[in-house]
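Inside the fold
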Amino acid sequence: MAEQFDVVVIGAGPGGYIAAIRAAQLGFRTACVDDWTMADGKPAPGGTCTNVGCIPSKALLQSSEHFEHAGHAFAEHGIDVKGLAIDVTRMLARKDKVVRQNNDGILYLFKKNKVAFHSGTGSFAGGAPGAWQIMVEGSGAASLVAKHVIVATGSKPRALPGAPFDNKLVLDNDGALAIPEVPRKLGVIGAGVVGLEMGSVWRRLGAEVAILEALPVFLSAADEQVAKEAWKLFAKQGLAIELGIKITKVVAAKDIAVEYDDVQGKKRSARFDKLIVSIGRLPHTSGLGADVVGLELDERGFVAVDGDCKTNLDGVWAIGDVVRGPMLAHKAEEEGVAVAERIAGQHGHVDFNTVPWVIYTSPEIAWVGQTEQQLKAAGAAYRAGMFPFSANGRARALGDTRGFVKFLADAETDRILGLHAIGPMVSELVSEGVVAMEFGAASEDIARICHAHPSLSEAVKEAALAVDKRTLNL
Ligand code: FAD
Ligand code: NAI
């Protein structure tokens, strides 16, 4: 006998589990189906983000940053460390514990909000608007019927043609987060977010890291001035990044041999102990039974949706990495909340222009809104204000004065169009730009707001003052 629900969510990544909680909060009888399990077979809700993405990568970034500080930054503070060593097994065990805490937290939230959780693969078995049939196969096997279905099945790593992932030598994000000992030579294909973050982790721990990137420009999505500064700082750290390359052959045997054409078209080769392939991700729709009900996919395999995350089927919605837009956990979450609220007849809303981006390298890179090159291309009249952390007292006390904060504001109205930053803890500072933009603030508003002293956030205020050429501390 099929169980009846108002809302069934397929996938318990940040998009799916948040959508399920919000739907339950709104009074809907809600179920969430997810097939991710731990090695011991226990359910592991949280999707890519919790299991092999945001959370474990930040755990390793933290561990490796502590190691690097102990080795290179402590001495300046008068702290001598003798016999410094990294125990990778313990570091990975800590990361696994952090992941498990997050898995358990989601299971707890499901219970608290009365979301029926089914561990297993969910697929469309048929039905029609008002009564979609979902079959669950796995330990939580069940037959469900729902008025609304939210597809939140996420994404999976894209492999390099001719170099399938084995997670021993050729690693996807899962393998990159579980290398059992520091490789001597680590190759990374793709200088995107995963490549830079994971390359940073293993470089800090002692690996020689070479990153090979197909595009001739570095971090093309970021503001040019930020990308230029990042390029300089990463080179100084010893991250060897080569742009404009074309991989021609990868042979994985005892180690990995990579052949490629460099930016001038010259034949080059390199050997690595491990190779991380981080060249983007693909939508995950296999096993969903999209064809059974005629759920439309676009030409790139994403579930086709409109601006409200509605699919071509009445009562079927899709959110997160499996649909168009940036592949970010917080974007997936916002879409999840908005869809649950739309189902309830409310006006759920996601503003793509104020979705922040963060790259958790050292220094961190963060931005929201338009870049200077986008404004130039659009012929927009704007004013820019920049403030370096080298003139910020808290950054000096921290011992990290790299980078800057930059505001871009409309030349006429002064409305903030973008905030771009590279430096210490800018992942936190970018929120000020997001809030300001959501409230339609002008740079003058930020310039006139009292910021705590000494704090890194004063660099944000000073950058706003710089728009009007009246910084106080520079
Ligand atoms: P997912 O998190 O992929 O979850 C989908 C879930 O659905 C999975 O559990 C999957 O197994 C399950 N599923 C799929 N098909 C079925 C089915 N038929 N039945 C049942 N279950 C199914 N983003 C950030 O914003 N910040 C970061 O710091 C960040 N770091 C990242 C680091 C790495 C290494 C990677 C790879 C990604 C990172 N991301 C980060 C991106 C982020 O992980 C994704 O944008 C986010 O997880 C997308 O959420 P989602 O809910 O759409 O899908
Ligand atoms: P990405 O899109 O960020 O970067 C992929 C890079 O690989 C690009 O620079 C691309 O030009 C390059 N590339 C593509 N094909 C190539 C080839 N054949 N040879 C060499 N280079 C090639 O994708 P990435 O890093 O895999 O991350 C996937 C997604 O996960 C991203 O969309 C990102 O949004 C998300 N993510 C977010 C994080 C965060 O928010 N901090 C952290 C990690 C991932």
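Counting from 1, residues in each chain are numbered in the order their sequence is written. By the order in which they are written, chains take letters starting at A while ligands take numbers starting at 1. For a predicted model such as this one, the threshold for reporting local features is a pLDDT of at least 70, and the threshold for listing and counting side-chain atom pairs is 80 or more; totals across whole chains, interfaces and linings nevertheless cover every residue. In computing side-chain values, all of the structure's heavy atoms are included and hydrogens and water are not.

**Topic: the sheet that holds strand β9 (residues 185-189)**
Pairing between two strands requires that DSSP report at least two bridges joining them. Comment: elements are numbered from the N terminus, with helices defined as DSSP H or I runs of at least four residues and strands as E runs of at least two. One open sheet accounts for five strands, arranged β8-β15-β9-β10-β11; its pairing is parallel. Of all strands in the sheet, those with a lone pairing partner are β8 (170-171) and β11 (240-242), marking the two edges. Direction of pairing for β8 relative to strand β15 (residues 274-277): parallel, over a ladder of two bridges. Bridge pairing in β15 places Val-170 opposite Leu-275. The strands touched by helix α6 (residues 193-204) are β9, β10 (208-212), β11 and β15; relative to β10, the strand with the most contacts, the crossing angle is about 165 degrees. In this description, contact between two residues means that some pair of their heavy atoms is separated by no more than 4.5 Å. To get an axis, fit a line to the C-alpha atoms, keeping to the stretch in contact for a helix; angles then go from 0 to 180 degrees between the N-to-C directions.

**Focus on the side chain of Asp-400**
Within the secondary structure layout, Asp-400 lies in the loop between α11 (393-398) and β21 (404-410). Pairs of N or O atoms are called polar contacts if they sit within 3.5 Å, as long as, within protein, a hydrogen donor faces a hydrogen acceptor (for residues adjacent in sequence, only side-chain-to-side-chain pairs). A distance of 2.9 Å separates the side chain of Asp-400 from the side chain of Arg-402, its partner in a polar contact. Apart from residues lying up to four places away in sequence, Asp-400 is in contact with Ala-395 and Pro-424.

**Re the domain arrangement of the protein chain**
Per the domain assignment, the segments of the protein chain are domain 1 (3-156 + 282-350), domain 2 (170-279) and domain 3 (354-467). Domain 1 puts 17 residues into the contact, and the matching count from domain 2 is 16 residues. A per-residue breakdown of the area domain 1 buries against domain 2 is headed by Val-52, Leu-61 and Glu-68, which together make up 33% of the total. Whenever a carboxyl oxygen of Asp or Glu lies within 4 Å of a side-chain nitrogen of Lys or Arg, that contact is scored as a salt bridge. Linking domain 1 with domain 2 are two salt bridges. Salt-bridge contacts for Glu-197 lead to Lys-58; the nearest nitrogen and oxygen are separated by 2.8 Å. Counting across the interface, domain 1 meets domain 2 through six residue pairs in polar contact (both at pLDDT 80 or more). Of all the secondary-structure elements, those providing two or more residues to the side of domain 1 that touches domain 2 are α2 (47-52), α3 (54-72) and α4 (88-112). It is α3 that contributes the most residues to the side of domain 1 that touches domain 2, nine residues altogether. Where each domain starts and ends follows an automatic or database-derived domain assignment. As used here, buried area is the combined drop in accessible area, with a 1.4 Å probe, of two parts when they are placed together.

**Brief notes about the pairing of β10**
In this sheet, β10 lies alongside β9 in parallel orientation, the contact comprising five bridges. When the bridges of β10 are listed, Leu-186 appears paired with Val-209. A clockwise course of the path from the first strand over the helix to the second, judged with the strands pointing away from the viewer, identifies a crossover as right-handed. In this view, the connection linking β9 to its parallel neighbour β10 by way of α6 has right-handed handedness. With three bridges connecting them, β10 and β11 associate as parallel partners. Residue pairing for β11: Ile-211 is matched across the bridge by Ile-241. Once you follow β10 into helix α7 (residues 224-237) and on to β11, the crossover reads as right-handed.

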